[in-house]
Amino acid sequence: MKQLYRTWIGIILCLCISGITASRAQEGAVRPVPAVETADWMGALPDAFPLCKLSLPGTHDSGARLGGPALQTQGLDIATQLQRGIRAFDIRLQEKDGWLGVFHGTAFQQIYWETDVLPAFLRFLQKHPAEALVVSLKREGGSSEAYASLLAASLTVPSNRAKFVEDFRPDLTLGDCRGKILFLLRDVPMADYPGAACRDWADDATCILTLLDKDGREGHALLQDEYQYRSERESGQKIKACLRYWEALAAEPDTSRRWGITFASATGLPDGTPQAFADRVNPALADWLGQEGGRRRGIVFIDFIGQEAGSRLVTLLINGNFR
C-alpha cells in the first residue's frame, strides 16, 4: 500500500513539474491564433476591446470592379468581401438617375448605394450580429446638393438608422458597435448625421484627421493617404509610408484613443495602375506583418484583396487581433 502511495505521489509531482516547465517555456511566446471563420472573426473578441486598437482590414474604392486598368481596384463584390473578413469600406458616390451610384472617377460601377451596397451591409449584420463595420462615404463628383439630399434620405430611414452607430466617441468599444455601421463622412450630408464627420482630410498626404460627432465631440486619427506616384517603380516609397505609419500607430500608449487609417493603395501618372502597385505593395506589407504581427494597425484600405497577396494581408491583419 505504501509503495502504491509513493507511486501516485511520484506521478503527481512529475505532472506538476512538467506543467510548470511547459508554462515557463511558453512565457513570452505568441499565443496561438484561434481558428476563426472570417465571416465571424469579431465575435471571438471581447466587447471591451477599443475599436481604435483593432486591426481592421478594409478595401480601397470597395465597389470599383469596372473602369479598366486605370480605375479598377477590386475583383470581388462587396458581399464576398464581407465574407472574406473585410470590415472597413471606402465607398465613393455620385448622383445618377435619381439614386446614388457607386463611382470611381468617371466610371459608374453599375451598382447603387440604396439598392445594392447599403442592403448588402445590413443583410450581413443581420446574419452576423457580433460583427461591426466602418464605412467611409465620399462624394466622387456631381452636385453636392443632390449627394447630400439622397444620402440624407437613406440615413434617416428609421429601420436603417437603428443599425448605425449614432454618436461617435474616440473610446468606442467593439461592444458599442456590434451589429452596426460606424460612418466616417468625408462630405457631411445633414446636421443630424450618424457617426463621425472627417475634417482636415488632406489629399495625397499623411496628416492628423479630426473626427467630429454631431454634438461637437472630437477624436483624432493618424491618416496615411499618399497615393499619387509617377509609376509602380516608386512603390518602395509607398511601402515605406505604410510601415512608418504602422510603427507610429503601434507605438501609441495603451491609454491613447487616437484612431488610425492607412491606405495601402496607390496609382501612378502617367504610368502605373492600381494593380501594378498592388502587385508590389501587398506582398511587401504581408511579408512585414508576417514578421512583426498585425496588432494595432488600425483601419487598412487595400486593393485587390481577392488575389493571393491581398488575401494574405487581410488574414494577417485579422490574426494580429488575437496575439
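See above for the structure.
Conventions used here
Residues numbered from 1 in each chain as written. Predicted model: local features only at pLDDT ≥ 70, side-chain atom pairs only at ≥ 80, totals over all residues. Heavy atoms only, no water. Helix = DSSP H or I, 4+ residues; strand = E, 2+ residues; numbered from the N terminus. Buried < 20%, exposed > 50% of the residue type's maximum accessible area, 1.4 Å probe, protein only. Contact = heavy atoms within 4.5 Å. Areas by Shrake-Rupley, 256 points an atom, 1.4 Å probe, with all protein chains shown as cover. Phe/Tyr/Trp six-rings, centres within 6.5 Å; stacked < 30°, edge-to-face > 60°. Polar contact = N/O pair within 3.5 Å; in protein donor to acceptor, adjacent residues only side chain to side chain. Pairing = 2+ DSSP bridges.

(A) Expanded view of the overall build of the chain. Counting its regular elements, the chain contains nine helices and 13 strands. Among the 323 residues that make up the chain, the fraction classed as buried is 52%. Relative to all contacts within the chain whose residues are 6 or more apart in sequence, the contacts with residues 24 or more apart total 67%. Summed over all atoms, the accessible surface of the chain reaches about 14,800 Å², with 54% contributed by carbon and sulfur.

(B) Local environment of the side chain of Ser136. By the element assignment, Ser136 lies in strand E5 (residues 133-139). Since its relative accessible area comes to 3%, Ser136 is described here as buried. What Ser136 contacts, discounting residues up to four positions off in sequence, is Phe89, Asp90, Ile91, Leu184, Arg186, Trp201 and Phe301.

(C) Unusual backbone geometry, seen in detail. In the segment running from Leu269 into Pro270, the intervening peptide bond is cis, with an omega of 5°. Assignment of secondary structure puts Pro270 in the loop between strand E12 (267-268) and helix H8 (274-292). One non-glycine residue, Arg296, lies in positive phi territory at about 55°. As for its placement among the helices and strands, Arg296 is situated in the loop between H8 and strand E13 (298-302). Unusually for a residue other than glycine, Phe304 sits at a positive phi of about 55°.

(D) View of the environment of Ala309. Structurally, the position occupied by Ala309 is in helix H9 (residues 308-320). Distance in space between the C-alpha atoms of Ala309 and Leu285 is 9.0 Å, their sequence separation being 24 residues. Discounting residues that sit within four places of it in the chain, Ala309 has contacts with Asn282, Pro283 and Ala286.

(E) Representation of the environment of Val300. Turning to its location among the elements, Val300 is positioned in strand E13. Taking relative accessible area as the criterion, Val300 reaches 0% and is therefore assigned buried. Not counting residues up to four positions away in its chain, the partners in contact with Val300 are Leu56, Pro57, Gly58, Trp246, Thr262, Ala264 and Leu317.

(F) Region of the structure containing the packing of aromatic side chains. Within this structure, the stated rule accounts for 11 aromatic pairs. Between Trp113 and Phe183 the ring centres are 6.2 Å apart and the planes differ by 65°, which places this aromatic pair in the edge-to-face class. Taken as a pair, Trp113 in helix H3 (residues 113-127) and Phe183 in strand E6 (residues 181-185) lie far apart in primary sequence, 70 residues in all. Overall, the relative accessible area of 0% leaves Trp113 in the buried class. The class for Phe183 is buried, based on a relative accessible area of 0%. Their ring planes at 65° and their centres at 6.2 Å tell us that Trp201 and Phe263 sit as a pair that is edge-to-face. In this pair, Trp201 is assigned in the loop between strand E7 (196-199) and strand E8 (205-212) and Phe263 in strand E11 (residues 259-263), connecting sequence segments 62 residues apart.

(G) Main features of the environment of Thr206. On the secondary structure map, Thr206 appears in strand E8. Of the residues examined, Thr206 reaches a relative accessible area of 46% and is grouped as partly exposed. Sequence separation between Thr206 and Thr262 is 56 residues, and the spatial gap between their C-alpha atoms is 8.9 Å. Filtering out sequence-adjacent residues up to four positions away, Thr206 remains in contact with Leu223, Gln224 and Glu226. At a separation of 2.6 Å, a polar atom in the side chain of Thr206 contacts the side chain of Glu226.

(H) Structural view of the side chain of Glu234. Its place among the elements puts Glu234 in the loop between strand E10 (228-229) and helix H7 (235-250). A polar contact of 2.6 Å, which involves the side chain of Glu234, links it to the side chain of Arg230. Discounting chain neighbours no more than four positions away, the residues touching Glu234 are Tyr229 and Phe277.

(I) Up close: the pairing of strand E3 (residues 99-104). Taken across its six residues, E3 has five buried, putting it largely inside the fold. What sits between strand E2 (residues 88-96) and E3 in their antiparallel hairpin is a turn of two residues, with Asp97 showing a positive phi close to 55°. Inspection of the sheet shows E3 paired to strand E4 (residues 107-112) by three bridges, in the antiparallel sense. For Gly101, the partnering residue across the bridge sits in E4 and is Tyr112.

Shape is all these values report; function is a separate question.
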